[in-house]
Amino acid sequence: MANARQLDRNRKSIANIRKITRTMELIATARFRRAMDRATAARQYSQRLSQVVAELAQSGRRVEHPLLEPREQTRRAVLLVLTANRGLCGGYNAGVLRLAFSHLEKLRAECETVDLEVSGKRGISAFKFRRQSMVQTFQQFDDQPKYQDVEAIADRYLESYVKGELDRVDVLYTRFENASRQVAEAATVLPLSNAATGELADDSDSAPVARQYELLPSAASILQEIIPASFRVRLFQCFLDAGVSEQIARMVAMKSATENSTHMIRRLSMAYNRARQAQITKEISEIIGGVEALQNG
């Protein structure tokens, strides 16, 4: 049986760890709620922009824009992988990276050139370990990314696509559906072919309806602003979803660690009590044996 003093020391160490995991769980919960509010607001804005473009297409107007034109041949593509800067978030990073490695190989088989861009220290380390060259790396994004930082990346993609230097952009991230479901997926964000097809939400409020628009100064000038803005917001939505999913994963992982610590402390306490009881019984037996030896002597 283990020494009672060692068991007590282990129990105190695990209790200290439980305090840390509990604190991290509370922090992740608070950050998750703030990040979810931003992600929900951005999703509604993005859906509304897509709805306007779709309704213009369904109204009989000819919607044309360079970002809506797919390439006949995909020569150069970009794969942007969104991971976390920190660990202790369960299988969040592992799920993204597992899909990223397979999707990267698929893209390389389909395209002549694939530029790999990675956000997050965990993803950067993983690709370096596998000796994969990265064109761009980012470490400034967390659960609340700044729109200005994402806009700079989006504008670089837009400029390259319009010039014909870039044919496709895929973003691999963890999509946030609800608090209990997050899915790692690869989304093609350029070209924006889906924006003109009328793919809207299925709820009645966003169902496509025939509306009359009076566009001033012209439809072309308005679409020139709406379509690039739709792409920027869509890319920003990917970063927001990744941030929310990371905090959910960390919250769940830390809650599980806290519960496991509680179970371990309970088991160690039982073992400590048994060891202490055995030790006391042994000491009493030794005392009684000493007394009997003195009396017999």
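Residues numbered from 1 in each chain as written. Predicted model: local features only at pLDDT ≥ 70, side-chain atom pairs only at ≥ 80, totals over all residues. Heavy atoms only, no water.

(A) View of the overall build of the protein chain. Of the regular secondary structure elements, the protein chain holds 5 helices and 5 strands. Written out in order from the N terminus, the α and β elements of the protein chain read α-β-α-β-α-β-α-β-β-α. Among the 297 residues that make up the protein chain, the fraction classed as buried is 42%. Within the protein chain, contacts between residues separated by at least 24 positions form 78% of all contacts whose residues are at least 6 apart in sequence. Accessible surface, the protein chain: about 16800 Å² in total, of which carbon and sulfur atoms supply 50%. (Helix = DSSP H or I, 4+ residues; strand = E, 2+ residues; numbered from the N terminus. Buried < 20%, exposed > 50% of the residue type's maximum accessible area, 1.4 Å probe, protein only. Contact = heavy atoms within 4.5 Å. Areas by Shrake-Rupley, 256 points an atom, 1.4 Å probe, with all protein chains shown as cover.)

(B) Molecular detail of the packing of aromatic side chains. Across all of its chains, the model carries 4 aromatic pairs by this definition. When the ring of Phe 138 is compared with that of Phe 141, the centres are 6.2 Å apart and the planes differ by 65°; the resulting orientation is edge-to-face. Of the two residues, Phe 138 and Phe 141, neither departs from the other in class, the shared state being buried. A centroid spacing of 5.2 Å and a plane angle of 85° characterise the contact between Tyr 147 and Phe 236, whose relative ring orientation is edge-to-face. In this pair, Tyr 147 sits in helix α4 (residues 147–163) while Phe 236 sits in helix α5 (residues 219–296), placing the two residues 89 residues apart along the sequence. Grouping aromatic residues by their ring pairs yields a cluster made of Phe 138, Phe 141 and Phe 239. Positioned above the aromatic ring of Tyr 272 is the side chain of Arg 11, whose terminal nitrogen or guanidinium carbon lies 4.7 Å from the ring centre. We note Arg 130 situated over the ring of Phe 101; from NZ or CZ to the ring centre the distance is 3.8 Å. (Phe/Tyr/Trp six-rings, centres within 6.5 Å; stacked < 30°, edge-to-face > 60°. Lys NZ or Arg CZ within 6 Å of the ring centre and 35° of its normal.)

(C) Main features of the sheet that holds strand β5 (residues 181–190). Strand order in the open sheet formed by 5 strands is β3-β2-β1-β4-β5, and the pairing between neighbours is mixed. The strands lining the two open edges of the sheet, one partner per strand, are β3 (136–138) and β5. Neighbour to neighbour, the strand axes of the sheet diverge by 25° on average, direction disregarded. Here strand β4 (residues 168–178) runs beside β5; their pairing, made up of 9 bridges, is antiparallel. Its bridge partner lying in β5, Asn 178 is registered against Arg 181. Packed onto the sheet, helix α2 (residues 92–110) meets β1 (76–82), β2 (113–119), β4 and β5 and runs at close to 150° relative to β4. (Pairing = 2+ DSSP bridges. Axes fitted to C-alpha atoms, helices over the stretch in contact; angles between N-to-C directions.)

(D) Local environment of unusual backbone geometry. A cis amide bond links Leu 190 to the next residue, Pro 191, at an omega of 0°. Among the secondary structure elements, Pro 191 is positioned in the loop between β5 and α5. Despite not being glycine, Leu 88 shows a phi value in the positive range, around 55°. Since its relative accessible area comes to 55%, Leu 88 is described here as exposed. In this structure, Arg 131 takes a positive phi of about 60° despite not being glycine. Structurally, the position occupied by Arg 131 is in the loop between α3 (121–129) and β3. For Arg 131, a relative accessible area of 78% puts it in the exposed group.

(E) Quick peek at the nonpolar core. Counting residues in hydrophobic clusters, the biggest one holds 49 residues, and the most contacted among them are Tyr 157 and Leu 235. Among the elements of the structure, α1 (4–58), β1, α4, β4, β5 and α5 are those that each provide at least two residues to this core. Considering each element in turn, this core owes the most residues, 16 residues, to α5. If we skip the residues at most four places from it in the chain, Tyr 157 touches Val 78, Leu 80, Glu 117, Leu 166, Val 169, Leu 190, Phe 231 and Leu 235. Judged by nonpolar contacts, the second largest core, of 18 residues, contains Ala 77, Leu 79, Leu 104 and Phe 127. (Core = buried A, V, L, I, M, F, W, Y, C linked by side-chain atoms within 4.5 Å.)

(F) Representation of the pairing of β4 within the structure. Of all 11 residues making up β4, 8 are buried, and the element is well covered by its neighbours. Examined bridge by bridge, β1 and β4 share 5 bridges and lie parallel to one another. Paired with Ala 77 across the two strands is Arg 168, which belongs to β4. Taken together, β4 and the strand that follows it, β5, pair antiparallel across an intervening segment of 2 residues.

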